[in-house]
Amino acid sequence: MPSLALDTLRRVFGHAEFRGPQAEIVEHVACGGDALVLMPTGGGKSLCYQLPALLRPGCAIVVSPLIALMQDQVDALRQLGVAAACLNSALDAETASDVERQLREGRLDLLYVAPERLLTPRFLSLIERSDIALFAIDEAHCVSQWGHDFRPEYRQLTVLHERWPDIPRIALTATADPPTQREIAERLQLEDARHFAGSFDRPNLRYTVVQKDNARRQLLDFLRGHTNEAGIVYALSRRKVDETAEFLREHGIHALPYHAGMPADLRAANQHRFLREDGIVMVATIAFGMGIDKPDVRFVAHIDLPKSIEGYTQETGRAGRDGEAADAWMTYGLGDVVQLRQMIAQGDSDESRKRVEQRKLDALVGYCESMACRRQVLLGNFGEDYPEPCGNCDNCLTPPESWDASLAAQKALSCVYRSGQRFGAGHLIDILRGSDGERIRQFGHDTLSTYGIGTELDARTWRGVFRQLVAGGWLAVDVEGHGSLRLTPKSAEILKEKQPVMLRREAPRKASRTASASS
Ligand code: ADP
Ligand code: ZN
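Keep in mind that this is a model prediction, so the values were computed, not measured.

Peer 1: Which residues make up the overall build of the chain, and what are the values?
Peer 2: Scanning the chain from terminus to terminus reveals 23 helices and 17 strands. Against the 2.2 N^0.38 benchmark of 24 Å for 519 residues, the chain shows a C-alpha radius of gyration of 26 Å, consistent with a compact globule. Taken along the three principal axes of its C-alpha coordinates, the chain extends 85 × 45 × 45 Å. When the 519 residues of the chain are sorted by exposure, 45% land in the buried category. Taking as baseline every contact in the chain between residues at least 6 positions apart, the subset at least 24 positions apart corresponds to 73%.

Peer 1: Let's hear about the site of ligand 1: which residues, and what values?
Peer 2: Near ligand 1 you find 15 residues, and of these His15, Arg19, Gly44, Lys45 and Ser46 are the closest. A breakdown of the residues in the shell around ligand 1 according to their chemical character gives four nonpolar, seven polar and four charged.

Peer 1: Requested: an account of the pairing of strand E12 (residues 299-302), with residues and values cited.
Peer 2: By the alternation rule, side chains of E12 split into Phe299 and Ala301 and Val300 and His302, which are all buried. Where strand E9 (residues 231-234) meets E12, four bridges bridge the pair, whose relative direction is parallel. Each bridged residue has a counterpart across the sheet, and for Ile232 the counterpart in E12 is Val300. Relative to strand E13 (residues 326-332), E12 runs parallel, the two being bridged by four bridges. The partner of Phe299 across the bridge, within E13, is Asp327. One crossover worth recording links E12 to the parallel E13 by way of helix H13 (residues 309-316), and it is right-handed.

Peer 1: Explain the packing of helix H19 (residues 425-432) against helix H21 (residues 459-471) to me, and be specific about the residues and the numbers.
Peer 2: Two elements in contact, H19 and H21, have axes separated by 10 Å at closest approach and are oriented at 125°. The angle between H19 and H21 places the two elements in the oblique class. With respect to the hand of their crossing, H19 and H21 are arranged in right-handed fashion. Contacts from Ala425, Leu428, Ile429 and Leu432 in H19 reach Ala459, Trp462, Arg463 and Phe466 in H21.

Peer 1: Before we move on, can you summarise the sheet that holds strand E5 (residues 132-137) with the specific residues and values?
Peer 2: Taken in spatial order, the seven strands line up as E3-E4-E2-E5-E6-E1-E7 in an open sheet, and their pairing is parallel. Each edge of the sheet is formed by a strand with only one pairing partner; in this case those strands are strand E3 (84-87) and strand E7 (194-197). Between one strand and the next, the sheet's axes are offset by a mean angle of 20°, whatever the strand orientation. When strand E1 (residues 35-38) meets E7, the two strands line up parallel, connected through four bridges. Note on E7: the bridge partner recorded for Ala35 is Arg194. Packed onto the sheet, helix H4 (residues 67-79) meets E3 and strand E4 (110-113) and runs at close to 165° relative to E3.

Peer 1: Provide a residue-level description of the nonpolar core, including the pertinent values.
Peer 2: If you look at soluble globular proteins, the nonpolar side chains tend to sit buried side by side. Core analysis: the largest hydrophobic core is formed by 85 residues, its most contacted members being Met282, Val283, Ala409, Leu428 and Phe466. Counting residues per element, this core draws most heavily on helix H18 (residues 406-418), which supplies six residues. Beyond its immediate stretch of four places on either side in the chain, Val283 contacts Val233, Ala235, Val241, Thr244, Ala245, Leu248, Ala255 and Pro257.

Peer 1: Lay out the sheet that holds strand E11 (residues 281-284) in plain terms, naming residues and giving numbers.
Peer 2: The strand order across the open sheet formed by six strands is E8-E13-E12-E9-E11-E10, and the pairing between neighbours is parallel. At either margin of the open sheet sits one strand with a lone partner, and together these are strand E8 (205-211) and strand E10 (255-258). Taking the axes of each pair of neighbouring strands and ignoring which way they run, one obtains an average angle of 15° across the sheet. Across four bridges, the pairing between E10 and E11 is parallel.

Peer 1: Let's hear about the confidence of the model for the chain: which residues, and what values?
Peer 2: For the chain, mean pLDDT is 92; residues scoring 70 or higher make up 97% of the total. Here residues 511-519 is a poorly scored stretch, pLDDT under 50, and it has 19 contacts once near neighbours within four places are set aside; other chains count. Confidence estimates for the predicted assembly give a pTM of 0.79 and an ipTM of 0.98.

Peer 1: Mind laying out the environment of Pro500, listing which residues take part and the relevant values?
Peer 2: Structurally, Pro500 is set in the loop between helix H22 (491-495) and strand E17 (502-504). Residues Pro500 and Ala326, spaced 174 residues apart in sequence, show a C-alpha to C-alpha distance of 38 Å. Other than its neighbours up to four places away in sequence, Pro500 contacts Asp404 and Ser406.

Peer 1: Tell me about the packing of helix H2 (residues 22-30) against helix H3 (residues 46-55), and name the residues and values.
Peer 2: Two elements in contact, H2 and H3, have axes separated by 9 Å at closest approach and are oriented at 40°. As judged from the angle between their axes, H2 and H3 are oblique. Viewed along their axes, H2 and H3 form a crossing whose handedness is right-handed. Contacts from Gln22, Ile25, Val26, Val29 and Ala30 in H2 reach Leu47, Cys48, Tyr49, Leu51, Pro52 and Leu55 in H3. Among the residues making up the contact of H2 with H3, the classes are represented as ten nonpolar, one polar and no charged.

Peer 1: Could you give an account of H4, naming the residues involved and the relevant values?
Peer 2: Since one α-helical turn is 3.6 residues long, residues separated by three or four positions face the same way. Given a rise of 1.5 Å per residue, 13 residues ought to cover 18 Å, and the 19 Å separating the end C-alpha atoms of H4 matches this to within 8%. For H4, the set of buried residues is Leu69, Met70, Gln73 and Leu77. Summarising the axial view, the buried residues of H4 lie within an arc of 115°, below the 170-degree limit, and thus occupy one face. Residues of H4 that are exposed and point more than 90 degrees away from the buried face comprise Asp75, Arg78 and Gln79. Where H4 is buried, its residues touch E3 and E4. Immediately downstream of H4, the backbone of Gly81 shows phi near 85°, a positive value.

Peer 1: Which residues make up the environment of Leu256, and what are the values?
Peer 2: The topology assignment puts Leu256 in strand E10. For Leu256, a count of 21 C-beta atoms within 10 Å gives the class buried. Separated by 245 residues in sequence, Leu256 and Val501 place their C-alpha atoms 44 Å apart. Sequence-distant contacts of Leu256, defined by excluding residues within four places in its chain, comprise Ala245, Asn270, Arg273, Phe274, Ile280 and Met282.

The rules behind these values
- Residues numbered from 1 in each chain as written.
- Chains lettered and ligands numbered in written order.
- Predicted model: local features only at pLDDT ≥ 70, side-chain atom pairs only at ≥ 80, totals over all residues.
- Helix = DSSP H or I, 4+ residues; strand = E, 2+ residues; numbered from the N terminus.
- Rg over C-alpha atoms; globule rule 2.2 N^0.38 Å.
- Buried ≥ 20, exposed ≤ 12 C-beta atoms within 10 Å, placed from the backbone.
- Contact = placed C-beta atoms within 7 Å.
- Near = placed C-beta within 6 Å.
- Nonpolar A, V, L, I, M, F, W, Y, C, P; charged D, E, K, R; others polar.
- Pairing = 2+ DSSP bridges.
- Right-handed = clockwise from strand over helix to strand, strands pointing away.
- Axes fitted to C-alpha atoms, helices over the stretch in contact; angles between N-to-C directions.
- Parallel < 35°, antiparallel > 145°, perpendicular 65-115°, else oblique.
- Left-handed = near helix turned anticlockwise from the far one by under 90°.
- Core = buried A, V, L, I, M, F, W, Y, C linked by C-beta atoms within 7 Å.
- pLDDT = per-residue confidence, 0-100.
- Expected span 1.5 Å × (residues − 1).
- Arc of directions from axis to C-beta.

Right under this line is the structure:
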């Protein structure tokens, strides 16, 4: 069997060797075992069901949530000479019934189907009458209600196991987060399946986080190191996507927008161009990306903070699938933390879910603020131990300096207190730096004892101080007010107990190092 698998890998797929745990998974599933496969994006999950599909008699049914991408996968398989097809609502009735006939007559190796289609009585009875090699459940994290890709129909996929207990099932996901993995196993009744996990490390990705000064200009600087290369720029809102794409085009960059608010045909056209043409920068919300298989994406840039480390690794995982050097770059500032805290607080999730969202955001902020190797922080978050600093992240390449910010922190916190805990960082910095703006005079803040006591630091350094005080829990963002900052129980450590505070010194303004520029 193993030699047959290897032979098929070479003959049909044109790969010389299996990668990571692929060989074991293929053998296990080909022999009829159930499997839960956890591998990062680009790790080579598809092969784990495509190859057993060819080794076992009958047709493999592949459940996939994204109609738009099924056709791409089917086309790619057909080019390899594999009898693949898909069934979804985009097909006309005639084509659909033709595909169904091929399935019944045993002429298909793989059939991709959307979950809602699969669950129809018509399709289930079709399965009954056909010879089925295996069930593959792609993007299995869609079963988790905590993820942003939740698909209620995924919950009902247990019907496959209940009705056809002898047909092997393989569920696949790039979700690295252990609680979500447990939820997948439970929801899909895969507790007894063998679990296969590849390392979630992506050694060719270079992680960089820069303090946000002027996101657009910083993005342009960053993109200069990636001329004519394909990449994705993630932003939080549709409006920001449109504006950023426009801005980049004005600066001669071949950028296209993608978000759920665009007409479907334009969205599809932009995606198509990104996949087929060279050097396109896709500016997108997280609506873009799941299942995108473009090997030569050279960078993923975040101009807004993602919602969690999980989301961040999934999004950055779309870069460098070909194994060549690629950048995962992010610009991040206090405004991002304020905005996301407010979105969580004002969202319609229930309290327990809000707490989970908050914790996930905190973990991500911890990543951004960390002075340690970024890879160690990311993998540590997934319970993976990475013993040595990686040498391929900003913190490894240019170790950050820390400085004794005890006095600055005391000044910042007293300024928050004296001005009544009702103002955001911008205004507080104006007070500390003794600016004589109109708002300062309007509130009489030029008479505060903290007015002008912080002229020794520039505004940028102060922004870094406030941001790090929030990240460390010494200040809280008032989510009802407009990002105003207030003291926390922990503030006493600095104000009363005068504990020393070491903060990260912000890198000098001009530091847009990129993987391709320096390697
Ligand atoms: P995933 O679904 O895990 O994100 P894919 O299955 O799309 O990843 O595979 C990512 C890329 O790696 C694809 O271009 C695929 O052709 C390639 N690949 C997969 N397995 C191998 C292998 N054993 N050897 C070489 N390339 C591989
Ligand atoms: Zn590192």
